[in-house]
Amino acid sequence: MAKIIDGKAYAEGLRARIGKAVKTLQAEHGLTPGLAVVLVGEDPASKVYVANKAKQTVEVGMNSWEYKLPATTSESELLALVEKLNKDPAVHGILVQLPLPKQIESAKVLNTIDPAKDVDGFHVVNAGRLSTGQDSLVPCTPVGSVMLAKDVLGKLDGLEAVVIGRSNIVGKPVAQLLLQENCTVTIAHSRTRDLPGVVRRADLVIAAVGRPEMVKGDWLKPGACVIDVGINRIERDGKGKLVGDCDFASCEKVAGSITPVPGGVGPMTIACLLHNTVRAACQQKGIPVPQM
Ligand code: GUN
C-alpha cells in the first residue's frame with residue numbers, strides 16, 4: 001500500500017516558518033507583508049477559498065484585504081480596482097479569484113496586475129520568466145505539488161514525469177518546474193492517445209485534469225509517486241463528497257506514495273500563496289527574502 005503524503009501537515013509546517021519570517025521582517029525592517037484578494041460574484045467554491053486565504057493570511061501575521069464585488073461588475077470597474085491596488089504601497093500581493101464572470105476577460109485582468117505583486121504568478125511576464133528559467137513569482141499549486149514530490153522522493157533528477165492536464169494554472173507551470181528539476185516531462189491531455197499507456201511510464205504522476213477519479217490504479221507503474229491536484233465535488237450514496245482526479249482506492253494499492261483529497265495538495269496552495277506574498281513584499285522593499 002502506498003505511503004499517504006500528508007499535505008496538511010507539510011503546509012502547517014510551512015505556514016509556521018512563514019509566520020516566523022513575518023515576525024522577523026516586522027522587527028528588523030518594520031515590514032508587514034499584505035495580500036489583497038478580489039472575488040467577483042457568488043461562486044460557492046470560490047467564496048470558501050477566498051475566506052480561507054484571508055483567514056490564513058491573518059494567522060501568519062500579515063495584512064489582509066478582501067474585496068467582494070457583485071457578479072454584474074464590469075471589466076473596467078475590476079481593472080480600476082486592480083490599478084488602485086497596484087499603486088497602494090501597503091499591498092504587496094494581489095490575487096483575483098478565478099473563474100471570473102463571462103463579461104470580464106480574465107487574461108486582461110491578470111495582465112493588468114503589477115507583475116511584482118502577481119502572487120498567483122499568472123501574469124504573462126511571470127509565465128514567460130518561469131518558462132525561460134528567470135526568477136519569477138510562480139503559481140502556487142504547482143509549487144506546492146513539486147514541494148510534496150520532493151519531500152517524498154528527494155531529488156527528482158532524471159525521473160519520468162507525466163503531467164495530466166495543460167491548464168495555465170497548473171499543467172503548464174508544473175511541467176516547467178519539473179523540467180527545472182531535470183525530470184523528463186510529458187504533458188498529457190484529453191486528446192492524448194492511450195493515456196493509460198503514457199501514464200504507465202511515469203515515476204511521478206501529476207493529475208490536474210478536473211475529472212473525478214479518472215486515473216485508475218492499473219494505469220500506474222508500481223511504486224509511482226502520485227500527486228493528485230484535482231478537487232471534484234461528487235454525489236455518492238446520496239452524500240456530497242470531495243474526490244481527486246485519481247481513483248484513490250485502486251491507486252493506493254499500486255502507487256509508492258499518493259496525496260489524498262482532501263488533505264494533499266489543497267492545503268499547500270494557500271501556504272505557497274503566503275510564501276509568494278512574503279517574497280513579493282521583500283523584493284518590493286529591496287530586502288533579502290528570508291529562508292522559509
Ligand atoms: N481558482 C482556482 N484556483 C485558483 C488559483 O490558484 N488562483 C486564483 N486566483 N483563482 C483560482
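Quick notes on the rules
Residues numbered from 1 in each chain as written. Predicted model: local features only at pLDDT ≥ 70, side-chain atom pairs only at ≥ 80, totals over all residues. Heavy atoms only, no water. Helix = DSSP H or I, 4+ residues; strand = E, 2+ residues; numbered from the N terminus. Near = heavy atom within 4 Å. Polar contact = N/O pair within 3.5 Å; in protein donor to acceptor, adjacent residues only side chain to side chain. Expected span 1.5 Å × (residues − 1). Buried < 20%, exposed > 50% of the residue type's maximum accessible area, 1.4 Å probe, protein only. Contact = heavy atoms within 4.5 Å. Axes fitted to C-alpha atoms, helices over the stretch in contact; angles between N-to-C directions. Parallel < 35°, antiparallel > 145°, perpendicular 65-115°, else oblique. Left-handed = near helix turned anticlockwise from the far one by under 90°. Nonpolar A, V, L, I, M, F, W, Y, C, P; charged D, E, K, R; others polar. Core = buried A, V, L, I, M, F, W, Y, C linked by side-chain atoms within 4.5 Å. Pairing = 2+ DSSP bridges.

1. Structural notes on the environment of Leu179
Line of reasoning, step 1. By the element assignment, Leu179 lies in helix α7 (residues 171-180).
Line of reasoning, step 2. Spatially, the C-alpha atoms of Leu179 and Asp194 are 23 Å apart, while their sequence positions differ by 15 residues.

2. Digging into the site of the ligand
Line of reasoning, step 1. Close to the ligand lie Leu95, Val96, Gln97, Leu98, Asp120 and Phe122, which account for all nearby residues.
Line of reasoning, step 2. Within the side chain of Gln97, a nitrogen or oxygen atom sits 3.2 Å from a nitrogen atom of the ligand.
Line of reasoning, step 3. Contact between the ligand and Leu98: a nitrogen atom at 3.0 Å from a main-chain N or O atom of the residue.

3. Notes on helix α1 (residues 7-29)
Line of reasoning, step 1. The terminal C-alpha atoms of α1, which comprises 23 residues, lie 32 Å apart, in line with the 33 Å expected from a rise of 1.5 Å per residue.
Line of reasoning, step 2. Among all positions of α1, only Gly7, Ala11, Leu14, Arg15, Ile18, Gly19, Ala21, Val22 and Leu25 are buried.
Line of reasoning, step 3. Next to the buried residues of α1 lie α2 (44-59), α6 (140-153) and α10 (266-285).
Line of reasoning, step 4. The N-terminus of α1 is capped by Asp6, whose side-chain oxygen sits 3.2 Å from the backbone nitrogen of Lys8.
Line of reasoning, step 5. Positive backbone phi, approximately 65°, marks Gly30, located one or two places after α1.

4. As for the environment of Leu78
Line of reasoning, step 1. Take Leu78: it is sitting in helix α3 (residues 75-87).
Line of reasoning, step 2. For Leu78, a relative accessible area of 0% puts it in the buried group.
Line of reasoning, step 3. Beyond its immediate sequence surroundings of up to four residues, Leu78 is in contact with Val38, Val40, Leu69, Thr73, Val96, Leu100, Ile104 and Val109.

5. What to know about the packing of α1 against α10
Line of reasoning, step 1. Put simply, α1 and α10 touch, their axes get as near as 8 Å, and they point 20° apart. Between α1 and α10, the angle falls in the class roughly parallel. Note on packing geometry: the crossing formed by α1 with α10 is left-handed. For the pair formed by α1 and α10, the contact residues are Gly7, Lys8, Tyr10, Ala11, Leu14, Arg15, Ile18, Val22 and Leu25 on the first element and Pro267, Met268, Ala271, Cys272, Leu274, His275, Val278 and Cys282 on the second.
Line of reasoning, step 2. Residues of the contact of α1 with α10, tallied by class, amount to 13 nonpolar, two polar and two charged.

6. Regarding the nonpolar core
Line of reasoning, step 1. The biggest cluster of nonpolar side chains holds 53 residues, and the ones touching the most others in it are Ile18, Leu156, Leu178, Leu204, Ile206, Ile227 and Val278.
Line of reasoning, step 2. Secondary-structure elements contributing two or more residues to this core are α1, β2 (34-40), α6, β5 (160-164), α7, β7 (204-207), β8 (225-228) and α10.
Line of reasoning, step 3. Sort the elements by how many residues they give to this core and α10 lands first, with 10 residues.
Line of reasoning, step 4. Among residues more than four places away in sequence, those in contact with Leu204 are Ala149, Leu153, Leu156, Glu160, Ala161, Val162, Leu178, Cys225 and Ile227.

7. Topic: the pairing of β8
Line of reasoning, step 1. Residue alternation in β8 divides its side chains into two sets, Cys225 and Ile227 and Val226 and Asp228, and both sets are buried.
Line of reasoning, step 2. In this sheet, β8 lies alongside β7 in parallel orientation, the contact comprising four bridges. The residue of β8 that forms the bridge with Ile206 is Ile227.

8. Comments concerning the packing of α1 against α6
Line of reasoning, step 1. Axis separation between α1 and α6 bottoms out at 11 Å; the angle between their running directions is 105°. Classified by the interaxial angle, the pair formed by α1 and α6 is roughly perpendicular. Note on element contacts: α6 touches α1 through Met147, Leu148 and Asp151, opposite Gly7, Tyr10 and Leu14.
Line of reasoning, step 2. In terms of residue class, the contact of α1 with α6 is made up of four nonpolar, one polar and one charged.

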